[in-house]
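Each chain, written out:
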Amino acid sequence: MEEERKQENFQERKIQSIQQETAQRSATTVGANNEQTNTHNFSNEDTHQQARRSTKSVKFGRNRKYSSSGRSIFALPTKAFLPIASRHTNNVSHIKKIQIGTYLINVWFFSPYPEEYSRLEVLYICEFCLKYMKGSFVAHRHKLKCPYKFPPGDEIYRDGYISVFEVDGKKNKTYCQNLCLLAKMFLDHKTLYYDVEPFLFYILTETDKNGCHFVGYFSKEKKSAFNYNLSCIMALPSCQRKGYGQFLIDFSYLLSRKEGKTGSPEKPLSDLGLITYRKYWLRAIQKQLRCYSDKITTLDGNSKSIYMLTSCNHLIE
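Our subject in this report is the structure included herewith. (Residues numbered from 1 in each chain as written. Predicted model: local features only at pLDDT ≥ 70, side-chain atom pairs only at ≥ 80, totals over all residues. Heavy atoms only, no water.)

1. Concerning the overall build of the protein
Line of reasoning, step 1. A tally of helices and strands in the protein yields seven helices and 13 strands.
Line of reasoning, step 2. Here the protein, with 317 residues, has 32% of them falling under the buried criterion.
Line of reasoning, step 3. By sequence separation, contacts in the protein at least 24 residues apart represent 51% of the contacts at least 6 residues apart.
Line of reasoning, step 4. Accessible area of the protein: about 21900 Å², with a carbon and sulfur share of 53%. (Helix = DSSP H or I, 4+ residues; strand = E, 2+ residues; numbered from the N terminus. Buried < 20%, exposed > 50% of the residue type's maximum accessible area, 1.4 Å probe, protein only. Contact = heavy atoms within 4.5 Å. Areas by Shrake-Rupley, 256 points an atom, 1.4 Å probe, with all protein chains shown as cover.)

2. Structural notes on the sheet that holds strand E5 (residues 122-125)
Line of reasoning, step 1. Ordered in space as E4-E3-E5-E6, the four strands form an open sheet in which the pairing is mixed. On the outer flanks of this sheet lie strand E4 (103-106) and strand E6 (132-133), each paired with one strand and no other. (Pairing = 2+ DSSP bridges.)

3. Notes on the sheet that holds strand E12 (residues 232-235)
Line of reasoning, step 1. Taking strand neighbours across the sheet as the criterion, the five strands line up as E7-E8-E9-E10-E12 in an open arrangement whose pairing is antiparallel. The sheet terminates laterally at strand E7 (154-159) and E12, the two strands that pair on one side only. Ignoring which end each strand starts from, the neighbouring axes of this sheet average 20 degrees apart.
Line of reasoning, step 2. Relative to strand E9 (residues 199-208), strand E8 (residues 162-168) runs antiparallel, the two sharing seven bridges. What sits directly across from Ile162, in E9, is Glu206. (Axes fitted to C-alpha atoms, helices over the stretch in contact; angles between N-to-C directions.)

4. Some details on the nonpolar core
Line of reasoning, step 1. In this structure, Ile98, Tyr113, Leu123 and Phe201 are the most contacted members of the largest nonpolar core, which totals 52 residues.
Line of reasoning, step 2. In terms of residues, this core owes the most to one element, helix H4 (residues 173-184), which gives seven residues.
Line of reasoning, step 3. Tyr113 has contacts with Ile95, Ser118, Leu123, Ile125, Tyr132, Asn178, Leu181, Leu182 and Met185, leaving out every residue within four places of it along the chain.
Line of reasoning, step 4. Core analysis: the next-biggest nonpolar cluster, separate from the first, contains seven residues, Cys126, Phe128, Met133 and Cys146 among them. (Core = buried A, V, L, I, M, F, W, Y, C linked by side-chain atoms within 4.5 Å.)

5. Comments concerning the side chain of Thr205
Line of reasoning, step 1. Tracing the backbone shows Thr205 in strand E9.
Line of reasoning, step 2. Once residues within four sequence positions are removed from consideration, Thr205 is found in contact with Pro151, Tyr161, Ile162, Ser163, Phe165, Cys212, His213, Phe214 and Val215.

6. As for the pairing of E9
Line of reasoning, step 1. Most of E9 is tucked away: seven of the ten residues are buried.
Line of reasoning, step 2. Pairing analysis gives ten bridges linking E9 to strand E10 (residues 211-221), with the strands arranged antiparallel. Counterpart to Thr205 in the pairing with E10 is Phe214.
Line of reasoning, step 3. Hairpin connection of E9 to E10: two residues between the antiparallel strands.

7. Digging into the pairing of E10
Line of reasoning, step 1. With ten of its eleven residues buried, E10 lies for the most part within the structure.
Line of reasoning, step 2. Taken together, the four bridges between E10 and E12 define a ladder with antiparallel strand orientation. Looking at E12, one finds that Tyr217 is bridged to Met234.

8. Some remarks on the packing of aromatic side chains
Line of reasoning, step 1. Enumeration according to the criterion identifies 14 aromatic pairs in this entry.
Line of reasoning, step 2. Taking 4.8 Å as the distance between ring centres and 80 degrees as the angle between the ring planes, the aromatic pair formed by Tyr113 and Tyr132 counts as edge-to-face. Highlighted residues: Tyr113 in the loop between E4 and helix H2 (115-118) and Tyr132 in strand E6, separated in sequence by 19 residues.
Line of reasoning, step 3. By relative accessible area, which is 17% here, Tyr132 ends up buried.
Line of reasoning, step 4. Taken together, a centroid distance of 5.0 Å and an interplanar angle of 85 degrees make the contact between Tyr117 and Tyr132 edge-to-face. Here Tyr117 is found in helix H2, whereas its partner Tyr132 is found in strand E6, with 15 residues between them in sequence. With respect to burial, Tyr117 and Tyr132 carry one shared label: buried.
Line of reasoning, step 5. One aromatic cluster is present, formed by Tyr157, Tyr202, Phe218, Phe247 and Phe251 through successive ring pairs.
Line of reasoning, step 6. Between the NZ or CZ atom of Lys134 and the centre of the ring of Tyr117, over which it lies, the distance is 5.4 Å. (Phe/Tyr/Trp six-rings, centres within 6.5 Å; stacked < 30°, edge-to-face > 60°. Lys NZ or Arg CZ within 6 Å of the ring centre and 35° of its normal.)

9. With respect to the environment of Cys146
Line of reasoning, step 1. Mapped onto the elements of the fold, Cys146 is located in the loop between helix H3 (136-145) and E7.
Line of reasoning, step 2. With a relative accessible area of 8%, Cys146 lands in the buried category.
Line of reasoning, step 3. Separated by 18 residues in the primary sequence, Cys146 and Phe128 place their C-alpha atoms 8.1 Å from one another.
Line of reasoning, step 4. In this view, Cys146 contacts Cys126, Phe128 and Cys129; residues no more than four positions away in its chain are not counted.

If you want it as C-alpha cells, here you go:
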C-alpha cells in the first residue's frame, strides 16, 4: 500500500511540474509576442511621424536635409517652376519657337503639349483655328483647307480693323484648349489648360482681306463668386507695345458695366499683369481727375489737382 501511495504522489508531482513548465513557456511566448507587437507599433508610429514631417516639409515648399556638421539645409523639392533657360542643362526637350501666321516667335515658358509635339524645335500653329502641327508642309496644306477665317464665336465689337469675338469654352472646347496651350508659352502662372467649359474667352483680332488674325485674348468665369471680370490675359509678343493689353483690360471693365456689376481681375496678379494693370489704373485715375478738375475744391485752389495730374504723368512714363 505504501509503495502504491508513493507512486501516486510521484505521478502527481510529475504532472504538476509538467503543467508549470507549460504555463511558463506560454507566458514567455505571450511576452515575446507583446514585445514584437509593441516594437511594430512603435515602428509604425515612427513611420507615420516621419511621413507627416516629410509631408509637412513638402507642403511648405522645402525638404530638410542635414550636413556633416549637423546643420539643417532646406532644399527645393522640384525644378518644375524654373524657366526654360535653366532646363537646357537638364536636356529636357521642349518647344523653342512657334510659327503663327507670318511671325516666328521665341517661346518664354514650357507648355504641356503632347509628347510627340513637345520634342520639336519649331511648332506650327494656325492663326485662325489655333491647331498645332509638326512641319511647314503640313501647316501649308492645312492653311489651304482650314474652314475658319475668324474665331468660332460671336463678334461683339468692331472698330476699323479691330474685332473682338466671344467664344464659349463649352461650345468650342478644342479651340479654347488650343488657346490655353498657346497662352501658357507666354504666361508663367497659368495652370488650367483643358478645363475650359466654365470660362468665356474674348479673342482680339486684326482683320484684313485674308481673315481675322489672332492678336490676344482674355478669359473670365461665367459665374464668379467674387465678381472677377478677368481670369487670364495675353497678347502675342509680335503684337505687344501697341496698346492691346490696355484695350483688353478696358474691354473687361466695359463688360462689367454692361452687366451692372463691379468687377476686378482675379487675384493674385502675375508680374506682367500687375505692371499692365497699374498702368491702366493710373491712366483711368488721370482721366477722371481731368474730367472733374474744375469741381475739385482745395485750400490752394487747383494746384493740388494739377500736382496730382503731373504725378500721374510721371508714374505712367
